[in-house]
Amino acid sequence: MKKTLSIFLVLILMATMLIGCSTEKPADNAPADTTPADNTSTEGDNSSQEETGIVKMGLGHITSIAKSKDLDGETLPLGQVDTIITAVAFDKDGKVVKVTIDNAQTKVNFDKDLQVTSDLNAEYKTKVELGPEYGMIKASKIQKEWFEQIAELEKWMIGKTIDEIKAMKVKKVDDNHPSVPDVPELTSLVTISIEGYVAAVEEAFNNAIDVNPGAETLGLGHGVSIGKSKGYSIKDDKETLPLAQVDTVMVASAFDKDGKVVAALIDNAQTKVNFDKDGKVTTDKAGEFKTKVELGPEYGMIKASKIGKEWFEQSKALADWMTGKTVDEIKALKVKKVDDNHPSVPDVPELTSLVTMTVQDYIAAVAEAFANAK
């Protein structure tokens, strides 16, 4: 009887253990909806683009010489070139994601003998670079400098389409301020006239290029030179008339999280203000002044090009070469001196048949764009 009872208890214990084991879930039978650790980034290469929203990028610019002056009594000749520059990034709906606006107000002064008195080799700063040195705060009713006001205008543009930006209500304050913001968000922040800045942002939109996934920041770089300006002279019966020439290099560039160029646009506003032998401006002050890219084949570099390529074609080839590289890699480009006017021509197989112009200023502008990127 005791033996029978012992066998019965053992059978009950074994049955209990089997039931317990059948209710446990094996480790390899995890629920089907559990995401494996190595699939946490299955969104693909578009994740950064989705975060920033950048799908297009443009470079806009507007140039005027309207403030240039004739020699008139005590008024000395002046060649003044104002070039507005904008770098703008847009999302898939055409809304502004990032924007940087600047203004290169460059003056070439002459004396009564029509000789250039401005330093031909000096560094010429934009209004943003000048910062408080620009000195607008002295006349500002809202006690804000130019760089502070333009930053507020940039903030206001974020999230808006070009049509919404152009539809901003404005008012004329005086002849020098025909388009001052008249909306509650800006009346205490921006008192500068904004028509040129809006036009430049619109141009950036119209000229925008597609940006590959990965763009996280956008930068604007530039370089200004008056080195080719000339005073009046006569030598060997050859007369040279006064010339104020301002060359404004501009670059808009988008960068990824590793600081590599995702897209770049390069241009150069070579603006000339001509004077006659009496110091009168002969260039149309109300004229339209195009950049080298805008001039396209009209620029005419192909006539002297050994590779049969125009300036706009060469600048695009350089921008394409920069894509995928860091600023350090771009600055490490091997170059050669061809002559005094071409001290830094690319000397790498990828570019020798595509770019024969000197590139030092464009590389410097890309480096500045990276340093300023936001």
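Further up the page is the structure itself.
Rules used throughout
Residues numbered from 1 in each chain as written. Predicted model: local features only at pLDDT ≥ 70, side-chain atom pairs only at ≥ 80, totals over all residues. Heavy atoms only, no water. Phe/Tyr/Trp six-rings, centres within 6.5 Å; stacked < 30°, edge-to-face > 60°. Helix = DSSP H or I, 4+ residues; strand = E, 2+ residues; numbered from the N terminus. Lys NZ or Arg CZ within 6 Å of the ring centre and 35° of its normal. Patch = residues over 30% accessible without salt bridge, like charges linked within 9 Å, V, L, I, M, F, W, Y side chains within 5 Å. Areas by Shrake-Rupley, 256 points an atom, 1.4 Å probe, with all protein chains shown as cover. Salt bridge = Lys/Arg side-chain N within 4 Å of Asp/Glu carboxyl O. Lys, Arg positive; Asp, Glu negative; His and termini not counted. Charge placed at Lys NZ, Arg CZ, Asp CG, Glu CD. Expected span 1.5 Å × (residues − 1). Buried < 20%, exposed > 50% of the residue type's maximum accessible area, 1.4 Å probe, protein only. Contact = heavy atoms within 4.5 Å.

S.K.: Which residues make up the packing of aromatic side chains, and what values do they have?
M.R.: Here the structure, examined in full by the defined rule, presents five aromatic pairs. Ring centres 5.8 Å apart and planes at 70° place the aromatic pair tryptophan 146 and tyrosine 197 in the edge-to-face group. Placement of tryptophan 146 in helix H4 (residues 146–157) and of tyrosine 197 in helix H6 (residues 195–206) is noted, with a sequence separation of 51 residues between them. Taking 5.8 Å as the distance between ring centres and 70° as the angle between the ring planes, the aromatic pair formed by tryptophan 311 and tyrosine 362 counts as edge-to-face. Placement of tryptophan 311 in helix H8 (residues 311–322) and of tyrosine 362 in helix H10 (residues 360–372) is noted, with a sequence separation of 51 residues between them. Directly above the ring of tryptophan 156 sits lysine 160, whose terminal nitrogen or CZ lies 4.4 Å from the centroid. Geometry around tryptophan 321 places lysine 325 over its ring, the cationic atom sitting 4.4 Å from the centre.

S.K.: How would you explain a positive patch on the surface if you had to name every residue and give the values?
M.R.: A cluster of basic residues, Lys228, Lys230, Lys238 and Lys272, forms a positive patch at the surface. Take lysine 228: it is sitting in the loop between strand E7 (217–225) and strand E8 (233–235).

S.K.: Tell me about the pattern of salt bridges, residues and numbers included.
M.R.: What the rule picks out here adds up to twelve salt bridges. Taking the shortest distance from any N to any O, the salt bridge between lysine 169 and aspartate 182 comes out at 3.8 Å. Taken together, the positions of lysine 169 in the loop between helix H5 (162–166) and strand E4 (170–171) and aspartate 182 in the loop between strand E5 (180–181) and H6 put the pair 13 residues apart, joining distant regions of the chain. Aspartate 175 is the partner of lysine 172 in a salt bridge, and the nearest nitrogen-oxygen pair spans 3.1 Å.

S.K.: So what's going on with H8? Which residues, and what values?
M.R.: Given a rise of 1.5 Å per residue, twelve residues ought to cover 16 Å, and the 17 Å separating the end C-alpha atoms of H8 matches this to within 8%. Among all positions of H8, only Trp311, Gln314, Ser315, Ala317, Leu318, Ala319, Trp321 and Met322 are buried. Elements in contact with the buried residues of H8: strand E11 (261–274), helix H7 (292–295), helix H9 (327–331) and H10.

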